[in-house]
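# Topology and contacts: notes
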Amino acid sequence: MHLNQSFKPKKDSHCCGNPGTVFIFLAGLNFWEGLFDNVNIKFINNLLAFHLADFSCVLMTIITPDRLSDDKAELLREKEEQIKKLAAEYGIAVEFCHIRGRTITGLLSVLKEIRKKTMLFEKRFVWASNYFNCFLGVLIKQRLPNTRLHFEMMGLVPEEELLYSETRLAFKIINFLTLKGLCRINIRHADSISVVSKRFKQYIVARYGLSPSLINVIPCFYDDKVFFVDHESRSRFRSKYQISDNQKLILYSGMLQNWQMPDVLFAFFQKIQLQDDQNAFRFMIATFDLEKARSYALKYGIKDLIVDTASGSDLNGIYNAADIGISTRSDDWVSRVSSPVKIPEYLATQNSLILLESIGDYGFDLKNKKYAIVKKNKEDLLNTSFSELRQLEKPNQQDIICILNNYGVQKYLPVIQKILSHDPA
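I will try to describe carefully the structure that is included in this document. The shown structure was predicted, so the numbers you read here are calculated from the model rather than taken from an experiment. (Residues numbered from 1 in each chain as written. Predicted model: local features only at pLDDT ≥ 70, side-chain atom pairs only at ≥ 80, totals over all residues. Heavy atoms only, no water.)

Counting buried positions over the eight residues of strand 5 (residues 93–100) gives six, a clear majority of the element. Relative to strand 5, strand 4 (residues 57–64) runs parallel, the two sharing eight bridges. Bridged to T61 within strand 5 is C97. (Buried < 20%, exposed > 50% of the residue type's maximum accessible area, 1.4 Å probe, protein only. Helix = DSSP H or I, 4+ residues; strand = E, 2+ residues; numbered from the N terminus. Pairing = 2+ DSSP bridges.)

Right, here's the structure in full:
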C-alpha cells in the first residue's frame, strides 16, 4: 500500500516541537469494545482535543480477526470513519494498518506496511498499548532510525494468562513464559513506560530494577464532560426502572468474568436482600453479559434485579440513578495493580462505594472515606451488615471536587503531554 498524498510529511509541520514527526498509535484489543467510546478512541480524542501534541499525521494499527464477519467489517468501518471525522476537525491526517491476528505472520506483514507508510518522516513516536503491540514497536524502532517508543502497560498480561486463561495448564505456562520474555524485551527497549497505578509502578521498579523516573502513573481517569451529577437524569432513569424515592439502588457496572467474582457479587446481593424486610434496597447490573447476569440472578434468587446495558449519556443516567456502586475483583497481583475505570465514574456521579482492598490504589486511597466501605477480602464483604449500608454517606460537594482533582482527565493530561514532549523532568 502506497502513501496517500495527505499522509506525507509536510515541510512546515511541527510535531511535539520536531518537524516531520508521525505519531504511530498501536491500539490494543479493546478497540473492539463499545462503539465510539472505547479507551482507544478516547485516547485519540484527548490527544487532539486538549492539544497534547502537534502531530499532523497519525497512523493507527488495529488488531483484527483473521476472518472478518460482515458485522465486524461494518463495525470496523464505522469506527474508522468516526476516528477520521474526529481527526479532520483538527486538521489531522489519519491512516490505518490492520494486524491480522496476533501472529508472527501478521506482525511481519504490518511491520513492512508501517515502514512504507512512515519512512519519509524524519521522526516517529510510537505509543504501544500493551505487550504484543510494544514488541511491534521494538521492531519498528530497530528498523527505522529516530523512533521513540512508549510502552503503555495496562496490566500484568502474563499473570492474567496464567491465572485466568481457560486453556490447558501446559499452554498456560508456555504463554506465560512467552509473555514474560516479551515484557523484558519491551522494557529494555522502551524510552518511557506508563502504568495504571502506584502499586503497579512499585511492582515494576522492584521486579525489573528500573529507575522510577522512567515510569509514569496514568490511571483510568474519567471525563467530567461524560460523567457528572445530573439530577434530571437521576429522576428520569429512576422512573424508568421504577425505583421509589425511599429506595437506594446498588449498582454493578461491567462484565461478569471469573476474575470479577460474579458469584461473590450475587452472594452479596443475596445476603443484603435477606436482611431487607422493608425492600429498602434495589439492585442493578449494567453489563453486556445480559444472559449471564440473568442466570446468576436466578441461581441466587435475587428478586427484582434490574439488568440492562448502556453507553454514553445513558450510562451516565444509570450512574446518576444509583446510590451505591460496587466493585469486586479477585485478590491477586493482577487486581492489586489494576485501575478499574468504573470506580472514578461511580464517584463522579455522587455514588457511595463498596470495594475490596485488593483493587488497585483505590483499596488504600479510599479507606476512611465516609462515602466508601473498603472490605479486606470476599469473606469480609459477605459479612457486610445492613446497618453499614445504612450509614454509608454520599460524596458531598467538596468530595466531588476532590474526586475530580484526583481522578479527572485534567489531572493526567500533563503527564501524557510530558511523555509526548520527550521531557524527562
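As a further point, take the nonpolar core. Membership of the largest hydrophobic core comes to 61 residues, with the highest contact counts inside it found for F266, F269, F281, L305 and L366. Counting residues per element, this core draws most heavily on helix 9 (residues 262–275), at seven residues. If near-sequence neighbours (up to four positions away) are discounted, L305 is found in contact with F266, F269, F283, M284, I285, A293 and A297. Grouped together as the second largest cluster of nonpolar side chains are 44 residues, I63, L111, F132 and L149 included. (Core = buried A, V, L, I, M, F, W, Y, C linked by side-chain atoms within 4.5 Å. Contact = heavy atoms within 4.5 Å.)

With parallel pairing, the six strands of this open sheet are ordered in space as 12-11-10-13-14-15. At either margin of the open sheet sits one strand with a lone partner, and together these are strand 12 (306–308) and strand 15 (372–375). For this sheet, the mean inter-axis angle between neighbouring strands, taken without regard to orientation, is 20°. As paired elements, strand 13 (residues 324–327) and strand 14 (residues 352–356) share four bridges and run parallel to each other. Directly across from I324, in strand 14, lies its bridge partner S352. Those strands touched by helix 9 are strand 10 (248–253), strand 11 (281–286), strand 13 and strand 14, and its axis lies near 165° from that of strand 11. (Axes fitted to C-alpha atoms, helices over the stretch in contact; angles between N-to-C directions.)

All right, on to the packing of helix 6 (residues 169–189) against helix 7 (residues 198–208) then. At a minimum axis distance of 13 Å, the contact between helix 6 and helix 7 shows a crossing angle of 90°. The orientation of helix 6 relative to helix 7 falls into the category roughly perpendicular. In this structure, helix 6 uses K180, C183, R184 and I187 to contact helix 7, whose residues at the interface are Y203, R207 and Y208. Within the contact of helix 6 with helix 7, the residues separate by chemical class into four nonpolar, no polar and three charged. (Parallel < 35°, antiparallel > 145°, perpendicular 65-115°, else oblique. Nonpolar A, V, L, I, M, F, W, Y, C, P; charged D, E, K, R; others polar.)

A word on the packing of aromatic side chains. Note on aromatic pairs: each is described by the distance of the centres and the angle between the planes. Counted by the stated rule, this structure contains 21 aromatic pairs. Between Y203 and W333 the ring centres are 5.0 Å apart and the planes differ by 45°, which places this aromatic pair in the tilted class. Taken together, the residues Y203 in helix 7 and W333 in helix 12 (residues 333–336) connect sequence positions 130 residues apart. On the numbers, 6.5 Å between centres and 35° between planes, the contact of F237 with Y241 is tilted. Take F237: its relative accessible area is 4%, and that puts it in the buried class. Overall, the relative accessible area of 10% leaves Y241 in the buried class. Here R207 stacks its cationic end above the ring of Y208, 5.5 Å away from the centre of that ring. The ring of Y412 has K411 sitting right over it, with the charged end atom 5.8 Å from the ring centre. (Phe/Tyr/Trp six-rings, centres within 6.5 Å; stacked < 30°, edge-to-face > 60°. Lys NZ or Arg CZ within 6 Å of the ring centre and 35° of its normal.)

Mapped onto the fold, C57 is located in strand 4. Since its relative accessible area comes to 0%, C57 is described here as buried. Separated by 34 residues in sequence, C57 and G91 place their C-alpha atoms 9.1 Å apart.

Next up on the list: the sheet that holds strand 6 (residues 123–129). In space, the seven strands of this open sheet follow the order 5-4-3-6-7-8-9, with parallel pairing throughout. The sheet is open, and its two edges are formed by strand 5 and strand 9 (215–217), each paired on a single side. Averaged over all neighbouring strand pairs, the angle between strand axes comes to 20°, with direction disregarded. Summarising the sheet, strand 3 (residues 21–26) and strand 4 pair through four bridges and their orientation is parallel. Note on strand 4: the bridge partner recorded for I24 is L59. Contacting strand 8 (192–195) and strand 9, helix 7 crosses the sheet at an angle of about 165° to strand 9.

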